[in-house]
Amino acid sequence: MKTSDQLEPTVFVIFGGAGDLTWRKLVPALFDLSRDRSMPDHFSIIAVDRSEMGDETLRRRLHDGVKKFSRQGMVKTSEWREFAGHISYQQGEFKKLQTYTLLGEHCAKLEKEWGAKVHRVFYMATPPSMFGEIPKYLGKAGLAREQKLARIVIEKPIGYDLESARALNATLAANFDESQIFRIDHYLGKETVQNILAFRFANPLFEPIWNRRYVDYVTITAVEAVGVEHRGGYYDHAGALRDMVQNHLLQLLCLVAMEPMVSFEADEIRNKKVDVLHAVRPIDRDAVHQCVVRGQYGRGWVGGKKVPGYREEDGVSPDSQTETFVALRLFLDNWRWQDVPFYLRTGKRLTRQASEIAIQFRGVPHQSFPAESTLDWQSSRLVMSIQPDEGIVLRFQAKHPGPKMHLRSVEMQFDYQDAFAARSPDAYETLLWDIMKNDATLFMRADQVEAAWRILMPVLDVWAAAPPGDFPNYAAGTWGPEDAQGLLAQGHSWPLPAELSGHCPQEKKDL
Ligand code: BG6
């Protein structure tokens, strides 16, 4: 459980306070923190939005969200009442200075009431079109000025391409210092993602073999069984490359491939991550079709239910060319990883949900066992499962019991739930708590975001110039377009469906 004793009095101003993100993620996470006694002694949540509604209407809506999405499930009325007392609603236009003047007055009032300096977190939970506007108004109203007190939080998408990301970063920088800007990638708040650093750098065991000499290739997978749900409008404009690869998958790549950090300082870790992005070999425009595969789902069956094709989803154009699946092959040009392929894959409406990283080790340099012992031989592999399973599985060779020397693969498993009694906090709880603590380690810096866009620009440009002729090219409920196999070098494979988030079934063989 996190403790609240170091936290300063804080006002959360949520722009888009009547919206989906506030209802589904932010307020349930704040509620869970509060229930764990991890909120400051003095805090207030001001939801700002355009619609007319009073405090009570907003609280009722948020109560419903907390009941549905709070990690801790059941909400006691008394607990909710106590928490709801911290929430208020301010109706206002995001593009009117008066909205911000009122906010300033509200914060000044709280400062007086609490007899302390108030830390202000300005959270943009609005459509992206407002991301460039709100910081300007906060600047004009003098609310961005006090560096130690004011923070701004921005959700992805941070830009639509490199140019727009640069423009957005410039607007933010014109009004806030970089140390005040928190760019959220919620994947970085997941316990299992943070555990990648712990596993790599708190144990001397694997780091010596974490390189091109021992690693054959790496796969990074984040696939989902769900479709675009209620977000067709946003998604049809974005697509899988912008929605998942530019942020979540490249962040995972950074954590797997980065050099050991010297200290746990935010900028030290972010420097090491940005080094990875700078090392990614630029994708040659002429080779985009050989190293990146895109796909879009058609109708199919998922979990025994018939589901519509992407083009039939609400908010999606009936002749949409947007990709709902991407697989790509990247190389890092540095000493550690030269010539080791990193295969990244993401998609919607695949067979099942699974996010995981698999490190496939090379074979042994010399096979000393007799040929008949090694018929079932498979090289060692380490799988870090992010979700829905949370843990680490190491596959290695063992002697099968019996008079003959026969080798086969077995697994050693670490499971978060078994190892720790406590349930993992939701990623947003971790991230909101870090924002209150002013710790930017898990947030993306401007140069990271731009470096990630730079990697993908050749793909976006080539795709924009050559729309796919074959969409939809995979049926919902499958593992995506067959072309994704073509990216893999000989002898390499995507983790088999049975191995993804459902541990590899141990082969039962009579010997
Ligand atoms: C979001 C994407 O950032 O991440 C969604 O916009 C995706 O399209 C989601 O479904 C996946 O996150 P999680 O935590 O549900 O795996």
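Here's a quick rundown of the structure.

What counts as what
- Residues numbered from 1 in each chain as written.
- Predicted model: local features only at pLDDT ≥ 70, side-chain atom pairs only at ≥ 80, totals over all residues.
- Heavy atoms only, no water.
- Helix = DSSP H or I, 4+ residues; strand = E, 2+ residues; numbered from the N terminus.
- Rg over C-alpha atoms; globule rule 2.2 N^0.38 Å.
- Buried < 20%, exposed > 50% of the residue type's maximum accessible area, 1.4 Å probe, protein only.
- Contact = heavy atoms within 4.5 Å.
- Areas by Shrake-Rupley, 256 points an atom, 1.4 Å probe, with all protein chains shown as cover.
- Lys, Arg positive; Asp, Glu negative; His and termini not counted.
- Charge placed at Lys NZ, Arg CZ, Asp CG, Glu CD.
- Phe/Tyr/Trp six-rings, centres within 6.5 Å; stacked < 30°, edge-to-face > 60°.
- Lys NZ or Arg CZ within 6 Å of the ring centre and 35° of its normal.
- 1 Å grid on protein atoms, 1.4 Å probe; cavity = no way out; pocket = protein on both sides within 12 Å on 5 of 7 lines; lining within 4 Å.
- Points joined across faces, edges and corners; volume = space filled by probe spheres on them.
- Nonpolar A, V, L, I, M, F, W, Y, C, P; charged D, E, K, R; others polar.
- Near = heavy atom within 4 Å.
- Polar contact = N/O pair within 3.5 Å; in protein donor to acceptor, adjacent residues only side chain to side chain.
- Pairing = 2+ DSSP bridges.
- Axes fitted to C-alpha atoms, helices over the stretch in contact; angles between N-to-C directions.
- Salt bridge = Lys/Arg side-chain N within 4 Å of Asp/Glu carboxyl O.

### Some details on the overall build of the chain
- Each helix and strand counted, the chain has 14 helices and 18 strands in total.
- For 511 residues, the compact-globule estimate of 2.2 N^0.38 gives 24 Å, and the C-alpha radius of gyration of the chain, at 24 Å, lies within 12% of that figure.
- Its C-alpha atoms give the chain principal-axis dimensions of about 80 × 50 × 45 Å.
- Taken over 511 residues, the chain has a buried fraction of 56%.
- Of the contacts made within the chain by residues no fewer than 6 positions apart, 78% connect residues no fewer than 24 positions apart.
- Per element, the accessible surface of the chain, about 22,800 Å² overall, is 52% carbon and sulfur.
- Where the 62 positive side-chain charges of the chain centre and where its 67 negative ones centre are 1 Å apart.

### Side note on the packing of aromatic side chains
- Inspection of the entire model under this criterion finds 22 aromatic pairs.
- Their ring planes at 75° and their centres at 5.7 Å tell us that Y297 and Y310 sit as a pair that is edge-to-face. Taken as a pair, Y297 in strand β9 (residues 297-298) and Y310 in the loop between β11 (305-307) and β12 (325-330) lie far apart in primary sequence, 13 residues in all. For the residue pair Y297 and Y310, the accessibility class agrees, reading buried in each case.
- A connected cluster of aromatic rings, assembled from ring pairs, spans F15, F94, Y100, F122 and Y137.
- K140 extends its terminal NZ or CZ atom over the ring of Y137, reaching a point 4.6 Å from the ring centre.
- Across from the ring centre of Y160, 3.6 Å away, lies the NZ or CZ of R242, which sits over that ring.

### Some points on empty space enclosed by the protein
- With the rule as written, the count across this model stands at four cavities of 30 Å³ or more.
- Taken as a whole, the second largest cavity holds about 60 Å³ of empty space.
- In this structure, the second largest cavity is lined by T192, N195, I196, M384, S385, I386, G391, I392 and Y416.
- Among the secondary structure elements, those contributing two or more residues to the lining of the second largest cavity are α7 (191-201), β15 (381-387) and β16 (391-399).
- Split into classes, the residues belonging to the lining of the second largest cavity amount to five nonpolar, four polar and no charged.

### As for the environment of R145
- Its location among the elements puts R145 in the loop between α5 (134-140) and β5 (150-154).
- The spatial distance from the C-alpha of R145 to the C-alpha of F176 is 7.4 Å, given a sequence separation of 31 residues.

### Description of the site of the ligand
- If you check the shell around the ligand, you find K156, H186, Y187, K190, E224, R231, D243, M244, H248, K348 and Q387 and nothing else.
- Between an oxygen atom of the ligand and a side-chain N or O atom of E224, the distance comes to 2.5 Å.
- Side-chain polar atom of H248 to an oxygen atom of the ligand: 2.7 Å apart, as the coordinates give it.
- For the ligand, whose unbound accessible area comes to 390 Å², protein coverage reaches 80%.
- Of the residues forming the shell around the ligand, the biggest block, three residues, is contributed by helix α9 (residues 240-257).
- Per-class residue counts for the shell around the ligand are two nonpolar, three polar and six charged.

### Focus on the sheet that holds β5
- Strand order in the open sheet formed by six strands is β3-β2-β1-β4-β5-β6, with parallel pairing between adjacent strands. Taken across any chain shown, the strands that pair with only one partner, and hence form the sheet edges, are β3 (87-91) and β6 (181-183). Taking each pair of neighbouring strands and ignoring which way they run, the sheet shows an average axis angle of 20°.
- Strand direction decides the pairing type here: strand β4 (residues 119-124) and β5, joined by five bridges, are parallel.

### Points about the pairing of β12
- Taking burial as the measure, the six residues of β12 include five buried ones, the bulk of the element.
- One ladder, built from four bridges, connects strand β8 (residues 292-295) with β12; its direction is antiparallel. Bridge pairing in β12 places V292 opposite L328.

### Observations concerning the pattern of salt bridges
- By the definition in use, this model includes 24 salt bridges.
- Linking D64 and K68 is a salt bridge whose minimum nitrogen-to-oxygen distance equals 3.2 Å. Of this pair, D64 and K68 both sit in helix α2 (residues 55-69), four residues apart, which is roughly one turn of that helix.
- Judged by its relative accessible area of 29%, D64 falls in the partly exposed class.
- Measuring nitrogen to oxygen at the nearest pair gives 3.9 Å for the salt bridge that ties E111 to R120.
- A single network of salt bridges, built from pairs that share partners, joins R200, E207, E259 and R336.

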